[in-house]
Every structure is written in structure tokens, then in C-alpha cells.
Amino acid sequence: MNTRTILTPATTAMDSLRHEFDRLFDRVTTPGLASAWPTRLFDSMRPHPAANLLEDDDNLYFEAELPGVAPENLDVNASDHSLNVSGTRTLDIPDEATTLRRERSTVTFERTMRLPVAIEPDAIDARLEGGILTITLPKVRPARTRRIAVREA
Amino acid sequence: MNNLTNTDVNNDMTCCGATRDQSCGTDTVKRTQNYRAPVDVYETDSTFTVIADMPGTCSDCISISVENNMLTIDAEVRPRYDTLGTLRHEEYGVGDFHRSFRIGDGINAEGIEAAYRNGVLEVTLPKAEAVVPRKIDIRTN
């Protein structure tokens with residue numbers, strides 16, 4: 001690129017630009033370099049997305065990373081012991097564009113998780129913000145943890 | 001949609017409201033794990049576009065810089081489980097995202113733009129005038 005002459009055809013300039021990109025990407029994805037940055041995100045939009053589950057005294061919290069998923073393309077269903085999340089993620093790349101690298105995918109996904117305690121399906125709350133789905137699942141009353149004060153005899 | 005244009009080569013990472021103790025500083029608490037965001041790259045006649053999955057960050061937490069022909073993208077992800085009780089089942093970790101690319105001198109660094117929506121970052125890199133293909137009309141006498 002640095003020694004491009006004035007008469008270099010535009011197509012050649014474009015090609016070398018493309019090669020620069022390719023070489024760079026190859027470097028970044030070589031095993032030695034890649035190990036510096038874990039590649040877990042290649043898993044995030046698989047057909048069965050990874051999920052984390054958190055818990056406090058009153059609620060369970062289900063979380064999944066769903067970058068690029070619009071709320072209208074997402075379905076959440078719950079019963080007292082089970083949660084089901086499904087949807088699709090589509091890519092928005094113009095038809096006339098030439099793809100140089102493709103690490104993301106169009107995917108139809110579904111994830112079902114059996115819940116460790118009974119929840120109240122009518123009271124759950126689901127938020128999708130910044131590509132992160134967070135579902136708050138209130139525990140049924142008997143399942144909630146209550147701190148009991150111990151009296152001195 | 002937030003647009004951020006960033007051509008400052010010495011751009012400091014912007015903290016999204018977090019105190020330095022919580023994040024951002026290299027001289028304070030060591031950051032959590034860095035993750036490599038998956039990207040798509042495509043090209044049109046006048047631009048290159050990099051699209052990266054970076055869930056859980058925000059437009060103010062993303063730093064994009066160009067220096068020595070390297071395009072560097074850093075996205076800070078604040079720990080978000082502090083207020084959500086205890087982790088009962090963990091299938092992925094939460095941490096910052098990083099990705100860098102070598103770019104040729106055919107990029108107009110001044111014109112780089114970026115937008116963040118639904119956890120996806122889109123960076124548009126306009127080609128320099130010299131490499132944009134131009135259609136030359138041939139006159140017929």
C-alpha cells in the first residue's frame with residue numbers, strides 16, 4: 001500500500017486493501033494471538049444460547065446474551081418450573097456489499113431451562129437491553145428465603 | 001441511535017459513569033477478562049463496514065481509535081451482577097470486548113462513524129477518495 005504508484009489500477013488498490021484486511025483478520029484469529037482473548041462469543045448466538053441464572057431471596061434471574069435480536073423476534077414462555085426462550089437473529093447486510101469476513105450468523109434459537117424452585121409465571125418480567133435479555137422470575141411464596149431471627153432462650 | 005465519530009488516536013477509554021475504582025483505570029483495579037467479539041466485515045464501493053456483537057456495553061463505553069494503521073475497538077462492560085443476588089448457574093463470563101484490525105492507507109480515518117444498537121456495534125470506514133472506483137464516461141467524439 002505504501003508504494004502504490006500513481007498508475008496503479010484502482011482494482012489493484014482495492015485488492016491490496018482487501019488483502020490488508022484479510023491478513024489482519026488472519027493474524028487476529030491465529031491460535032497464538034486468539035488465546036489472548038477468549039472466543040466464547042462465537043458461542044453466544046448458537047441454536048441453544050448460553051444462559052446464566054442468578055438468585056436472591058425473592059427472585060430468580062435468567063440472563064442470556066442475544067446481540068442483534070429485536071424484541072419482536074423474541075418469545076418468552078414460562079411455567080412454574082420451566083422457562084423457554086426462543087427467537088431468531090437476522091443479519092442486516094446490504095445485497096450489493098461484498099462480504100470479507102463472516103463470524104456472525106443468522107440463527108433461529110431456543111433455550112429451555114428447568115428452574116430450581118417454583119416461580120409465579122404470571123409475574124415474570126423480561127427486559128432486552130443492549131443485547132442482553134434479563135428475565136426476573138419471582139419465586140412462589142413458600143420457596144422464598146426468609147431470615148429468621150433466633151431468640152435467646 | 002447514537003453516533004460516535006472518533007478519530008483521536010490518543011483517545012482515552014470513556015467510562016460509562018463508573019468510578020475509577022470500579023473500572024476503566026489501568027492504575028487501579030485490574031479489569032476482568034477481555035473477550036474477542038465476533039465480527040462481520042463487508043465492503044461496498046465507498047466503504048468498509050465492521051459489525052461486532054458486543055452485548056452489555058453502551059455507546060459511551062466504546063472507544064474506537066485509529067493509530068499506526070490499526071483500528072482498535074475497546075468496549076467496556078460494567079459488572080452487572082452486583083445487585084442481582086448470587087450466581088447459581090454460569091455458562092458464560094462477563095467482561096470487556098476488544099478487537100483490532102490493520103487497515104491500509106486507503107481508509108479516510110477522519111470519516112469513520114459508529115453506531116451501537118441492540119448490543120451490536122457497526123463501524124463504517126469510508127474509503128479514501130483515491131481508492132473509490134470512479135466511472136469515467138467515454139465520449140463518443
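## Quick look at the overall build of chain A
Move 1: The secondary structure content of chain A amounts to two helices and eight strands.
Move 2: Shown N-terminal to C-terminal, the secondary structure of chain A runs as helices and strands in the order α-α-β-β-β-β-β-β-β-β.
Move 3: Per-residue burial over chain A gives 42% buried out of 153 residues.
Move 4: Relative to all contacts within chain A whose residues are 6 or more apart in sequence, the contacts with residues 24 or more apart total 55%.
Move 5: If you sum the accessible surface of chain A, you get close to 8700 Å²; carbon and sulfur atoms cover 48% of it.

## Concerning the pairing of strand 1 (residues 52-55) of chain A
Move 1: Of the two faces of strand 1 of chain A, both are covered, the one formed by Asn52(A) and Leu54(A) as well as the one formed by Leu53(A) and Glu55(A).
Move 2: Alignment of strand 1 of chain A against strand 2 (residues 59-65) of chain A, held across four bridges, turns out to be antiparallel. Its bridge partner lying in strand 2 of chain A, Leu53(A) is registered against Phe62(A).
Move 3: Where strand 1 of chain A folds back on strand 2 of chain A, the antiparallel hairpin that results is connected by three residues.
Move 4: Across three bridges, strand 1 of chain A lies against strand 7 (residues 86-89) of chain B in antiparallel orientation.

## Quick notes on unusual backbone geometry
All names here are of chain B.
Move 1: In this structure, Asn68 is a non-glycine residue whose phi angle is positive, near 50°.
Move 2: Here Asn118, not a glycine, exhibits a phi torsion of approximately 55°, which is positive.
Move 3: Tracing the backbone shows Asn118 in the loop between strand 9 (113-117) and strand 10 (120-126).
Move 4: Overall, the relative accessible area of 30% leaves Asn118 in the partly exposed class.

## A short note on the state of the cysteines
Residue and element names in this part refer to chain B.
Move 1: In this structure the tally under the stated criterion is one disulfide over all chains.
Move 2: With a sulfur-sulfur separation of 2.3 Å, Cys58 is cross-linked through a disulfide to Cys61. Between Cys58 and Cys61 the disulfide shows an S-S torsion of about 60°. By sign, it is right-handed.
Move 3: By relative accessible area, Cys61 is classed as buried at 1%.

## A few points about the sheet that holds strand 8 (residues 96-102) of chain B
Residues and elements named next belong to chain B.
Move 1: Strand order across the open sheet formed by four strands is 2-8-6-5, with mixed pairing between neighbours. Looking at strand neighbours, the two that pair on one side only are strand 2 (34-36) and strand 5 (62-67), the edges of this open sheet. Each neighbouring strand pair of the sheet contributes to a mean axis angle of 25°, computed without reference to strand direction.
Move 2: The pairing of strand 2 with strand 8 spans three bridges and is parallel. In the sheet register, Arg36 faces strand 8, and the bridge partner there is His98.

## Focus: the nonpolar core
Within soluble globular proteins, side chains that are nonpolar tend to cluster in buried spots.
Move 1: By size, the foremost hydrophobic cluster in this structure holds 26 residues, and its most contacted members are Met54(B), Ile64(B), Ile73(B), Leu121(B), Val123(B) and Leu125(B).
Move 2: At the level of elements, strand 3 (39-43), strand 4 (47-53), strand 5, strand 6 (70-75), strand 8, strand 9 and strand 10 of chain B are the ones that each hand at least two residues to this core.
Move 3: Phe62(A), Phe109(A), Ile119(A) and Leu133(A) belong to the second-largest nonpolar core, a separate cluster that totals 20 residues.

Calculation rules
Residues numbered from 1 in each chain as written. Chains lettered and ligands numbered in written order. Predicted model: local features only at pLDDT ≥ 70, side-chain atom pairs only at ≥ 80, totals over all residues. Heavy atoms only, no water. Helix = DSSP H or I, 4+ residues; strand = E, 2+ residues; numbered from the N terminus. Buried < 20%, exposed > 50% of the residue type's maximum accessible area, 1.4 Å probe, protein only. Contact = heavy atoms within 4.5 Å. Areas by Shrake-Rupley, 256 points an atom, 1.4 Å probe, with all protein chains shown as cover. Pairing = 2+ DSSP bridges. Disulfide = S-S within 2.5 Å. Axes fitted to C-alpha atoms, helices over the stretch in contact; angles between N-to-C directions. Core = buried A, V, L, I, M, F, W, Y, C linked by side-chain atoms within 4.5 Å.

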